[in-house]
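Report on the structure
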Amino acid sequence: DLSLGQSEEAADLLARAESAAAAAGQGPDARIDLLVLAARALVNADRLDEAQQRLDAAKALSADPGPRWRAMQGRLWTVRGRTEEGIAWLRAAITELAVAGPEDDFATSARYALAEAIGFSGDHAGELASLDETLSWQRASLPAEHPQVLRTRLRRLVSLRL
């Protein structure tokens, strides 16, 4: 499970699921979702080349693999030091993912990745502003005690310590 820090296991399970989906003749959307989730797990496990391979495979399935793909590519570029490109891709993805709402883990994760990328660029005030924006976005529809809101508040506290 990605949220429990078991990225290696999640990556392996998602690879098997994508292979099964391909063998079963699933359409590109389902396979893209699995490949993007696998890339997310691989980035979390610091297996960056494999993550890029999954994203490339997803891109090969569709001319537009969607905002989750863009968010994941942006995060991967950021981790690889292509921060400005990563920020641009993350901003584009966040605009598209906003309709998913703050209860959507991927939409929130994209916002966290943007804040992290801004921090990597050396703009710690911008990182904090990005987290504040995420918090406002969440509070518009989630209760203060919602786990996503609490997670954002924790990230904000960590950012303040830097």
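If you're wondering where the values come from, they're calculated on a predicted model, not measured in any experiment. (Residues numbered from 1 in each chain as written. Predicted model: local features only at pLDDT ≥ 70, side-chain atom pairs only at ≥ 80, totals over all residues. Heavy atoms only, no water.)

Take the overall build of the protein next. When its secondary structure is counted, the protein shows eight helices and zero strands. If you list the helices and strands of the protein from N to C, you get α-α-α-α-α-α-α-α. Here the protein, with 162 residues, has 43% of them falling under the buried criterion. A sequence separation of at least 24 residues applies to 54% of the contacts in the protein between residues at least 6 apart. (Helix = DSSP H or I, 4+ residues; strand = E, 2+ residues; numbered from the N terminus. Buried < 20%, exposed > 50% of the residue type's maximum accessible area, 1.4 Å probe, protein only. Contact = heavy atoms within 4.5 Å.)

Bringing the pattern of salt bridges into the picture now. Taken as a whole and assessed by the stated rule, the structure comprises nine salt bridges. For Arg 40, the salt bridge goes to Asp 105, with nearest N and O atoms at 2.8 Å. Of this pair, Arg 40 sits in helix H2 (residues 28–44) while Asp 105 sits in helix H6 (residues 105–120), and the two are 65 residues apart along the sequence. The class for Asp 105 is partly exposed, based on a relative accessible area of 35%. With its nearest N and O atoms 2.2 Å apart, the salt bridge here joins Asp 49 to Arg 80. Remark: Arg 80 occurs in the loop between helix H4 (67–79) and helix H5 (83–97) and Asp 49 occurs in helix H3 (residues 48–61); sequence separation between them is 31 residues. When its relative accessible area of 53% is taken as the criterion, Asp 49 is described as exposed. Its relative accessible area of 37% is what places Arg 80 among the partly exposed residues. The network of salt bridges with shared partners includes Asp 64, Arg 70 and Glu 96. (Salt bridge = Lys/Arg side-chain N within 4 Å of Asp/Glu carboxyl O.)

A few words now on the nonpolar core. Counting 27 residues, the largest nonpolar core has Val 36, Leu 55, Ala 71, Met 72 and Leu 97 as the members making the most contacts within it. Elements that contribute at least two residues to this core include exactly H2, H3, H4, H5 and H6. Of all the elements, H6 adds the most residues to this core, at seven residues. Excluding its chain neighbours within four sequence positions, the residues that come into contact with Val 36 are Leu 55, Arg 68, Trp 69, Met 72 and Phe 106. (Core = buried A, V, L, I, M, F, W, Y, C linked by side-chain atoms within 4.5 Å.)

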